[in-house]
Amino acid sequence: MSPLAYRRVLLKLSGEALMGDEDYGIDPKMIGRLAQEVIEAQQAGAEVALVIGGGNIFRGAGLAAAGMDRVTGDQMGMLATVINALAMQDALEKRGGKARVMSALKINDVCEDYIRRRAIRHLEKGRLVIFAAGTGNPFFTTDSGAALRAIEIGADLLLKATKVDGVYDKDPKKHADATRYETLTYDQVITRDLQVMDTAAFALCRDSGLPLRIFDMGQPGVLLRLLKGENIGTLVSGRG
Ligand code: UDP
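For every chain, the first residue of the written sequence is number 1, and numbering continues from 1 along that sequence. Under the rules for a predicted model, residues below a pLDDT of 70 receive no local features and side-chain atom pairs below 80 are neither given nor counted, while totals for whole chains, interfaces and linings still include all residues. Only hydrogens and water are set aside when side-chain values are computed; all heavy atoms of the structure are taken into account.

**Things to note about the overall build of the protein chain**
Counting its secondary structure elements, the protein chain contains 8 helices and 11 strands. Every radius of gyration here is taken over C-alpha atoms, with the globule rule written as 2.2 Å times N^0.38, N being the number of residues. By the compact-globule yardstick of 18 Å for 240 residues, the protein chain fits well, its C-alpha radius of gyration being 17 Å. Summarising its shape, the C-alpha atoms of the protein chain cover approximately 55 × 50 × 35 Å along the three principal directions. Taking all 240 residues of the protein chain together, the buried fraction comes to 49%. Residue contacts are counted whenever heavy atoms from the two residues lie within 4.5 Å of one another. Partitioning the intrachain contacts of the protein chain with sequence separation of at least 6 by distance along the chain shows that 70% fall at a separation of at least 24. Going along the chain from the N terminus, every DSSP run of H or I of four or more residues is numbered as a helix, and every run of E of two or more is numbered as a strand. Classification of residues uses two cut-offs on accessible area relative to the type maximum, computed with a 1.4 Å probe and protein chains only: under 20% is buried, over 50% is exposed, and between them is partly exposed.

As structure tokens, this is what we get:
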């Protein structure tokens, strides 16, 4: 029997998580460390799928604000997530993992097209799956892509890595007395107007009852500890 509390999880990393000490793009040291953590979690018995954002390269909304057509900007943003996914695939494979990138946009010269049943099969066969290009649609974010794919593959938990170690009652950078919630229900997130993820993504999690954990990926070993059931960050789930 696996000593893990979760069998199948989806880990959402922002594009910025790959930047490390750089101002833009990908820091090889950082992506290597993240890949190592994912491999350790998988070796412990978890099926791990990943979604990586694209904010370290492009964000459609930012490009639109600078005058670019929003849909074109979002398409560029989605392609940026494919670049990050390919980098992660390489980092995982360099460390002995087996990985497959599956894209919501069809670019099957560089990666597989997203096919749900195939993604599940990859996971069952011990492959790490990286879902790229978000939902494949403009006006969405990779948080929505992560929630959608997590539900589709029947993940037990959506792990959202951030720079902050959970959800606080007020901005911990501005308020010294901010307190972190250990657990929240979906309704509490809404009534307290807490910023957990964008509204579309959050609605998907809530409507499907998908538990969501917000945590800081900065501490080495944190992913495995989470999968063993340690109470790190903030867990959003349940009613009330
Ligand atoms: N994007 C999109 N549809 C999606 C997912 C992403 O159009 O389903 C585009 C959008 O422009 C977004 C960019 O890709 O700004 C990068 O994704 P995101 O901002 O979610 O990345 P993160 O903030 O997680 O790095």
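**Things to note about the site of the ligand**
The local shell around the ligand holds 20 residues, among which Arg59, Asp74, Thr135, Asn137 and Thr142 are the closest. In this structure, an oxygen atom belonging to the ligand sits 2.7 Å away from a main-chain N or O atom of Gly15. Between N or O atoms, a polar contact is any pair within 3.5 Å; within protein, one atom must be a potential hydrogen donor and the other a potential acceptor, and residues adjacent in sequence are included only when both atoms are from side chains. Arg59 has a polar side-chain atom sitting 2.7 Å from an oxygen atom of the ligand. Protein contacts shield 93% of the accessible area of the ligand, which totals 530 Å² for the unbound molecule. Sorting elements by how many residues they give to the shell around the ligand places helix H3 (residues 70–94) first, with 3 residues. If a single non-hydrogen atom of a residue is within 4 Å of a molecule or strand, that residue counts as near it. Residue-level accessible areas treat just the shown protein chains as cover; the underlying method is Shrake-Rupley with a 1.4 Å probe.

**Some words on the pattern of salt bridges**
A side-chain nitrogen of Lys or Arg and a carboxyl oxygen of Asp or Glu constitute a salt bridge if their distance falls within 4 Å. In the structure shown here, the tally under the stated rule is 16 salt bridges. The closest approach of N and O atoms between Glu152 and Arg149, which form a salt bridge, is 2.6 Å. Of the two residues, Glu152 and Arg149 are both situated in helix H5 (residues 142–152); the distance of 3 residues between them amounts to about one turn of the helix. When its relative accessible area of 5% is taken as the criterion, Arg149 is described as buried. Members of the salt-bridge network, linked through shared partners, are Lys12, Asp143 and Lys160.

**Observations regarding the packing of aromatic side chains**
Pairing of aromatic side chains here covers Phe, Tyr and the six-membered ring of Trp, requires ring centres within 6.5 Å, and sorts the geometry by plane angle: under 30 degrees stacked, over 60 edge-to-face, intermediate tilted. If you walk through the whole model with that rule in mind, you get 2 aromatic pairs. For the pair Tyr114 and Phe131, a centre-to-centre distance of 5.5 Å together with 85° between the ring planes defines the contact as edge-to-face. Taken together, the residues Tyr114 in the loop between strand E4 (112–113) and helix H4 (116–124) and Phe131 in strand E5 (residues 128–132) connect sequence positions 17 residues apart. You can call Tyr114 buried: its relative accessible area is 17%. Residue Phe131 is classed as buried on the basis of its relative accessible area, which comes to 3%. Remark: a charge is flagged as sitting over a ring if the NZ atom of Lys or the CZ atom of Arg is within 6 Å of the ring centre and within 35 degrees of the ring normal. Lying over the aromatic face of Tyr114, Arg149 brings its terminal NZ or CZ to 3.5 Å of the ring centre. Lying across the ring of Phe131, Arg149 places its NZ or CZ 6.0 Å from the centre.

**Points about the environment of Ile26**
Along the chain, the position of Ile26 falls in the loop between strand E1 (8–13) and helix H1 (28–43). Separated by 31 residues in the primary sequence, Ile26 and Ile57 place their C-alpha atoms 8.8 Å from one another.

**Section: the sheet that holds strand E10 (residues 212–216)**
Paired strands, as defined in this entry, are two strands with at least two bridges between them according to DSSP. Within the open sheet, the 9 strands sit side by side as E4-E3-E5-E2-E1-E6-E10-E11-E9. Their pairing is mixed. Whereas interior strands pair on both sides, the edge strands pair on one side only; in this sheet they are E4 and strand E9 (183–184). Sheet analysis places strand E3 (residues 99–103) next to E5, joined by 5 bridges and oriented parallel. Bridge pairing in E5 places Arg100 opposite Val129.

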